[in-house]
Amino acid sequence: MNPLTRALLLSWDLRPEVLVPLILLGALHFFGWLRLRRRSDGRFANRWRLASYTGGLLILALALLSPIDVLSGQLFSIHMVQHLLLMMVAPPLLLLANPFPTFLWVLPTNQRIAVAAAIRRLTAWLAGQNIIGQAVRKATSPASAWALYVLIFFAWHDGNAYSLALRFPSVHGLEHFTFVGAAMLFWWHVTGAAPRIHPKPAQWMRVGYVLAMIPPNLLLGVTLSFAETPIYPYYQSVPRLYGLTVMDDQVWGGLIMWIPGSMMYVIAALALLARLLVTAEHKGRVRKPHPPVLGMAQPANRAGPTAVACG
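Keep in mind the model is a prediction, meaning the values are calculated, not measured.

**A closer look at the environment of Phe 30**
Its location among the elements puts Phe 30 in helix α2 (residues 16–40). Each C-alpha atom of the pair Phe 30 and Tyr 53 lies 9.4 Å from the other, and the pair is 23 residues apart in sequence.

Structure representation (structure tokens):
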């Protein structure tokens, strides 16, 4: 193996300020999931939810602690891979697990009940007609979340902001924090994860919401791919790896944002459409009357609401 490649593959930067929170979040979620699974016989703590949340944390670790983070300062294309992982892969995986209720199960019973009641009161208050609740709902509405996501996305890819982030680790950390924060808010409306203070958008609206991110993503990717001069002068001041020129690196970065980045939203939209079709088919079967079987007595209608207590 090429010595440079070997050195890069071994260049993990296990920063405590990133590693410790990831381990803590993973441990808390796992223990809460175990307790909930034992209490509910696995009905409310599915393995796929645990896999989804764990996968999201691992993607964050890969983006922030692995050679990807080290190489992002040398290759623009690798930096685009990092941004894709932070905004389009890790957040939806974390939220698909609906982790908030699971975290409550880490607490002892009395505290869990008290905290859950307090959160219910808070969310009900925020969903009410008071001034603060209205302001919070407006600031976190799907339209605001979409606009913030696009704003953060474009602002940090400005040439000056981008170079500033690469030159100062604290600014780079702020960039990653805002990426993940804006993405969590955006994907929160797509996944419907708890807690909720907005009405859950209809499935078809979520499809359009996700697809609406493709044009801004395409715009940035195409701009980067077809630019005739380097947009980020910072990469002209660092050693070039594997003979990749600054312009070739920029083209590859634009293509990564353009094609795989856009495909993330297409995949999400297809998953939402598939769920919409399954739900429609299920409703159709429920509404379709079943013909009586001759010679068989029909059972009495015992349908009624059923509540499942997990406490």
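**Some remarks on the packing of helix α11 (residues 169–191) against helix α12 (residues 203–211)**
Running from N to C, α11 and α12 point in directions that differ by 150°, and their axes come no closer than 9 Å. The orientation of α11 with respect to α12, classified from their angle, is roughly antiparallel. Contacts from Phe 186, Trp 187, His 189, Val 190 and Thr 191 of α11 reach α12 at Arg 206, Tyr 209 and Val 210. Considering only residue class, the contact of α11 with α12 consists of five nonpolar, two polar and one charged.

**Comments concerning the packing of aromatic side chains**
Evaluation of the coordinates by the stated rule reveals 16 aromatic pairs. Summarising the aromatic geometry, the rings of Tyr 162 and Tyr 235 are spaced 6.0 Å apart at their centres and angled 50° between planes, so their arrangement reads as tilted. Linking Tyr 162 in helix α10 (residues 159–167) with Tyr 235 in the loop between α13 (214–226) and α14 (246–287), this pair joins segments that are 73 residues apart in sequence. For the residue pair Tyr 162 and Tyr 235, the accessibility class agrees, reading buried in each case. Members of the aromatic cluster, connected to one another through ring pairs, are Phe 76, Tyr 162, Tyr 232, Tyr 234 and Tyr 235. Arg 112 extends its terminal NZ or CZ atom over the ring of Trp 105, reaching a point 3.8 Å from the ring centre. The ring of Trp 188 carries the charged tip of Arg 196 above its face, separated from the ring centre by 4.7 Å.

**Structural notes on the pattern of salt bridges**
Here the structure, examined in full by the defined rule, presents three salt bridges. We note a salt bridge from Arg 15 to Asp 13, for which the minimum N-O separation is 3.4 Å. What makes Asp 13 partly exposed here is its relative accessible area of 34%. Among the ionic pairs, Arg 15 bridges to Asp 69, the shortest N-O distance being 3.4 Å. Of the two residues, Arg 15 sits in the loop between α1 (3–9) and α2 while Asp 69 sits in helix α4 (residues 67–71), which places them 54 residues apart along the sequence. Taking the relative accessible area as the measure of exposure, Asp 69 reaches 13% and is therefore buried. One salt-bridge network, held together by shared partners, links Asp 13, Arg 15 and Asp 69.

Rules behind the numbers
Residues numbered from 1 in each chain as written. Predicted model: local features only at pLDDT ≥ 70, side-chain atom pairs only at ≥ 80, totals over all residues. Heavy atoms only, no water. Helix = DSSP H or I, 4+ residues; strand = E, 2+ residues; numbered from the N terminus. Axes fitted to C-alpha atoms, helices over the stretch in contact; angles between N-to-C directions. Parallel < 35°, antiparallel > 145°, perpendicular 65-115°, else oblique. Contact = heavy atoms within 4.5 Å. Nonpolar A, V, L, I, M, F, W, Y, C, P; charged D, E, K, R; others polar. Phe/Tyr/Trp six-rings, centres within 6.5 Å; stacked < 30°, edge-to-face > 60°. Buried < 20%, exposed > 50% of the residue type's maximum accessible area, 1.4 Å probe, protein only. Lys NZ or Arg CZ within 6 Å of the ring centre and 35° of its normal. Salt bridge = Lys/Arg side-chain N within 4 Å of Asp/Glu carboxyl O.

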